Amino acid sequence: GGRYGSFVSLEEVLEESAPNDLRWRLLRAAPDSTLDLPLGAESPLSGIYQALSLAKQAASENTNSEKPLEKVLESTATAALLGHLLEWPRLVQEATDTLEPYRLALWAEALAARAAAPGALTHAQLAEATARVLTRTLTLSGLTEEANHA
């Protein structure tokens, strides 16, 4: 059988996509997956940048740090966020050992979704940790948080 669909050059893709969006799409693709680069689609980084902004805002606004974290963890959203954050060091090591950077990208997208859940960022230290981990994940991916302003 022949190939179906249309093919475009990388130059054409770059004309239609921001370089950081393209980098992220390439990074999050497993080597054995079909690479789909939807032109003109919403940035795949928008959820991550939104969660990063929310986390930074929550870290600076939340003054309930004196509230014991155990009380804050009674929230399902907060507990899920903390559990996800605790996976990060192991995941970075495994993604490095197995040469599978897409695992880190997919994990970051899931972290962003958890951080955006209502009630997840109610503790300043947890919000700060979320912002730091998202920033470091972007850095490991060759991106910066400033890329969302580009």
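First, a word on scope: everything that follows refers to the structure included in this document. Starting afresh in each chain, residues are numbered from 1 along the sequence in its written order. Reporting in this predicted model follows two pLDDT cut-offs: at least 70 for local features of residues, and 80 or more for side-chain atom pairs to be given and counted; totals over whole chains, interfaces and linings ignore these cut-offs and use all residues. The side-chain numbers reported here are obtained from all heavy atoms of the structure, hydrogens and water having been left aside.

1. Things to note about unusual backbone geometry
If you check the backbone angles, L99 has positive phi at about 55 degrees while not being a glycine. You can see L99 is positioned in the loop between α6 (88–97) and α7 (101–116). A relative accessible area of 70% places L99 in the exposed class. Here a strand is any run of E in DSSP of at least two residues, a helix any run of H or I of at least four, and the numbering for each starts at the N terminus. For each residue, the accessible area found with a 1.4 Å probe, counting protein chains only, is set against the maximum for its type, and the residue is called buried under 20%, exposed over 50%, and partly exposed in between.

2. Regarding the environment of L138
Tracing the chain through its elements places L138 in helix α8 (residues 124–140). Classification of L138 by relative accessible area gives buried; the value is 1%. Along the chain, L138 and A105 lie 33 residues apart, while their C-alpha atoms are 8.7 Å from each other.

3. Looking at the nonpolar core
Throughout this description, the term nonpolar core refers to a set of buried Ala, Val, Leu, Ile, Met, Phe, Trp, Tyr and Cys residues connected via side-chain atoms within 4.5 Å. W24, I48, L81, W107 and L138 are the most contacted members of the largest nonpolar core, which has 31 residues in total. By residue number, the principal contributor to this core is α7, which donates seven residues. If sequence neighbours within four positions are ignored, W24 has contacts with P44, L45, I48, A105, A108, E109, L138, S141 and L143. The contact rule is simple, with two residues in contact once any of their heavy atoms fall within 4.5 Å.

4. Comments concerning α6
All of the buried residues along α6 are W88, L91, V92 and A95. Buried residues of α6 fall within an arc of 100 degrees about the axis and therefore sit on the same side. Exposed residues lying more than 90 degrees from the buried face of α6 are P89 and D97. Just downstream of α6 lies L99, where phi reads positive at about 55 degrees. Within this analysis, the arc is defined by the directions that extend from the helix axis to the C-beta atoms.

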